[in-house]
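Working through the structure, step by step
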Amino acid sequence: MLRMLPPVLRENRNFRRYFVGQAVSLLGDQITLIALPLTAVLALDATPGQMGTLLTAALVPNLIFALHAGVWIDRRGRRRNVMIATDLGRAVVIATVPLAYAFGHLGWAQLYVVAFLAGTLDVFFFVAYGAFFQIIVPRSDYVSANSLIHGSRAFSFVAGNSLGGVLVQLLRGPYALAVDAFSYLWSASFLSRIDAEEPPGAPHDSGGLTSGLRWIRKNAVIRAELLGVATLNLFNFMFFALFVLYATRYLHVKPAALGIVLGVASIGTLGGSLIAGRVSRRIGIGPTFLVGCFFFPAPLILVPAAGGPHWLVLACLFVAEFTSGIGLMLLDIMAGTISAGTIPALLRSRVSGAFLVVNNGVRPVGTALGGILGTMIGVRPTLWIATTGALLGMGFLLPSPIRSLRDVPAEAEA
């Protein structure tokens, strides 16, 4: 059986255990992305304001805790233990929702607290993950390992949405969340089996809260990556805030048809994860990243451009989402590879925390701008701004050293 696996899974037992744990956990996360909002709508009769507050509660920990998490984890070391603890914590937090619903005590206060706590634990997990990846994966396998991780993420997009919808219908939203709680226990179990020697924590005099931001400012590669991707995310979340509303109300696409189109189109993400390694070997890691940064947002221009017969509208949505999914995988896989190769291990968590503050911090700004502009100038003009504006990120990337990166970059100085 092992002979059939890719070399990095076949030969690297630690990475194999991490991958198996995360593949199930990512699937559980996608189920929650459907089940939690539906719980709010179906069980608590949510208003638009309450839904917005719920999303904000999940995103705000990136702004509050990411820098602090980076400093604490870098100084503490033992990143695997941090990841196990956050998995166990998320399992408990998510499991409280179906339990409270079963006893008739589920309310908005609990949902807000659950969203905030789960978001906080997400921050600590992903801040620790970057440095842990460098420990369990050799530099020569960065591209193939990232391709597998993001390939499982792409599969979760395809299967998670469908499975989540079925579970919500069969079990009702709150009980479907129990699947995600189990997935975190699964992830913690496989992380606990990893046997890898971690480097000691960074000394206390190696830099505080702003050390990650200062390092990013001085490094031309990561600085350009952050500015380019953050710009893309700002406009993409403007798009995300209005897409479903525009497709259903203005393009008159039925919810079931939209779900089928998006589900099938998400196969593009699987395709992107499969070709990323081949493309990077042909044109280089940096150029592949730039291709992804272009093809992730550019096809979405077809959404505000869609019109005419109903079949043509559905075709535009399918092509937009399918091609964008390919670009997303090229972007994410190469971004992870560039970061793993460039950022020094002793600074990795602090830099990851700083990256999260900026890159994830622009997301609620984008959704707020989408709502404001959609109200002031209309939904379709706002989508034109969102889809074309996302391409402005290329202005930070094209003049940068990323364009000339052919292989995994050398580790920069701390």
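Here is a short report on the structure shown in this document. All figures in this text were calculated on a predicted structure; none of them were measured in a lab. (Residues numbered from 1 in each chain as written. Predicted model: local features only at pLDDT ≥ 70, side-chain atom pairs only at ≥ 80, totals over all residues. Heavy atoms only, no water.)

Of regular secondary structure, the protein chain possesses 17 helices and zero strands. Taking 22 Å as the expected radius of gyration for a compact globule of 414 residues, we find that the protein chain reaches 21 Å, a close match to that expectation. With respect to the three principal axes, the spread of C-alpha positions in the protein chain is 55 × 55 × 45 Å. Of all intrachain contacts in the protein chain linking residues separated by at least 6 positions in sequence, the fraction that spans at least 24 positions is 88%. Total accessible area on the protein chain is roughly 18,200 Å²; 68% of this is exposed by carbon and sulfur atoms. Charge separation in the protein chain, taken as the distance between the mean sites of 30 positive and 18 negative side-chain charges, equals 4 Å. (Helix = DSSP H or I, 4+ residues; strand = E, 2+ residues; numbered from the N terminus. Rg over C-alpha atoms; globule rule 2.2 N^0.38 Å. Contact = heavy atoms within 4.5 Å. Areas by Shrake-Rupley, 256 points an atom, 1.4 Å probe, with all protein chains shown as cover. Lys, Arg positive; Asp, Glu negative; His and termini not counted. Charge placed at Lys NZ, Arg CZ, Asp CG, Glu CD.)

Before going further, it helps to examine helix 4 (residues 79-102). A rise of 1.5 Å per residue sets the reference length of helix 4, with its 24 residues, at 34 Å; its end C-alpha atoms lie 35 Å apart and thus fit the reference within 8%. The largest bend in helix 4 comes to about 25 degrees, at Thr96, with the proline Pro98 one to four residues further on. Positive backbone phi, approximately 75 degrees, marks Gly104, located one or two places after helix 4. (Expected span 1.5 Å × (residues − 1). Bend = angle between axes of the 7 residues up to and from the residue.)

Before going further, it helps to examine the nonpolar core. Looking at soluble globular proteins, one finds that nonpolar side chains tend to be buried together. Within the largest apolar cluster, 34 residues are counted, with the highest numbers of intra-cluster contacts made by Ile216, Ile222, Phe289, Ile338, Leu397 and Ile402. Those elements that place two or more of their residues in this core are helix 6 (142-171), helix 8 (211-218), helix 9 (220-250), helix 12 (285-295), helix 14 (310-342), helix 15 (348-376) and helix 17 (394-397). Examining the composition of this core, we find that eight residues originate from one element, helix 14, more than from any other. Sequence-distant contacts of Ile402, defined by excluding residues within four places in its chain, comprise Val221, Ala224, Glu225, Gly286, Pro287, Phe289, Leu290, Ile338 and Leu397. Met83, Ala128, Tyr129 and Leu148 belong to the second-largest nonpolar core, a separate cluster that totals 31 residues. (Core = buried A, V, L, I, M, F, W, Y, C linked by side-chain atoms within 4.5 Å. Buried < 20%, exposed > 50% of the residue type's maximum accessible area, 1.4 Å probe, protein only.)

Bringing the side chain of Thr387 into the picture now. With respect to the helices and strands, the residue Thr387 is situated in helix 16 (residues 379-389). Side-chain polar atoms of Thr387 contact the backbone oxygen of Leu383, separated by 2.8 Å. Within the structure, the side chain of Thr387 is placed 3.3 Å from the backbone oxygen of Trp384, a separation counted as a polar contact. When residues no more than four places from it in sequence are discounted, the contact partners of Thr387 are Phe239, Pro297, Leu300, Ile301 and Pro304. (Polar contact = N/O pair within 3.5 Å; in protein donor to acceptor, adjacent residues only side chain to side chain.)

Turning to unusual backbone geometry, a few remarks are in order. Look at His252: it is not a glycine, yet its phi comes out positive at around 60 degrees. Mapped onto the elements of the fold, His252 is located in the loop between helix 9 and helix 10 (255-265). With a relative accessible area of 58%, His252 lands in the exposed category.

Running from N to C, helix 9 and helix 16 point in directions that differ by 145 degrees, and their axes come no closer than 8 Å. When you trace helix 9 past helix 16, the crossing you get is left-handed. From helix 9, Thr231, Phe235, Met238, Phe239, Leu242, Leu245, Tyr246 and Tyr250 reach across to helix 16, where they touch Val379, Arg380, Thr382, Leu383, Ile385, Ala386, Thr387 and Gly389. Among the residues making up the contact of helix 9 with helix 16, the classes are represented as 11 nonpolar, four polar and one charged. (Axes fitted to C-alpha atoms, helices over the stretch in contact; angles between N-to-C directions. Left-handed = near helix turned anticlockwise from the far one by under 90°. Nonpolar A, V, L, I, M, F, W, Y, C, P; charged D, E, K, R; others polar.)

A few words on the environment of Val357. The residue Val357 is located in helix 15 in this model. Take Val357: its relative accessible area is 18%, and that puts it in the buried class. C-alpha separation for the pair Val357 and Leu63, spaced 294 residues apart in sequence, amounts to 5.1 Å. Setting aside residues no more than four positions away along its own chain, Val357 makes contact with Asn62, Leu63, Ala66 and Leu67.

Moving on to helix 5 (residues 108-136). Spanning 29 residues, helix 5 covers 41 Å between terminal C-alpha atoms, matching the ideal 42 Å at 1.5 Å per step. Its axis deflected by about 35 degrees at Gly130, helix 5 carries its strongest bend there.

Mapped onto the secondary structure, Asn359 falls in helix 15. Side-chain polar atoms of Asn359 contact the side chain of Asn233, separated by 2.7 Å. What Asn359 contacts, discounting residues up to four positions off in sequence, is Leu226, Val229, Ala230 and Asn233.

For the structure shown, the criterion picks out 15 aromatic pairs. With a centroid separation of 5.7 Å and an interplanar angle of 15 degrees, the aromatic rings of Tyr18 and Tyr129 are classed as stacked. Highlighted residues: Tyr18 in helix 2 (residues 13-44) and Tyr129 in helix 5, separated in sequence by 111 residues. Here Tyr18 matches Tyr129 in class, with each residue buried. Seen from their ring centres, Trp108 and Tyr112 are 5.4 Å apart, and the 35 degrees between their planes marks the pair as tilted. Taken together, the residues Trp108 and Tyr112, both in helix 5 and four residues apart, mark about one turn of the helix. According to the relative accessible area criterion, Trp108 is buried, its value standing at 14%. Its guanidinium or amino end placed over the ring of Phe125, Arg90 lies 4.6 Å from that ring's centre, counting from NZ or CZ. (Phe/Tyr/Trp six-rings, centres within 6.5 Å; stacked < 30°, edge-to-face > 60°. Lys NZ or Arg CZ within 6 Å of the ring centre and 35° of its normal.)

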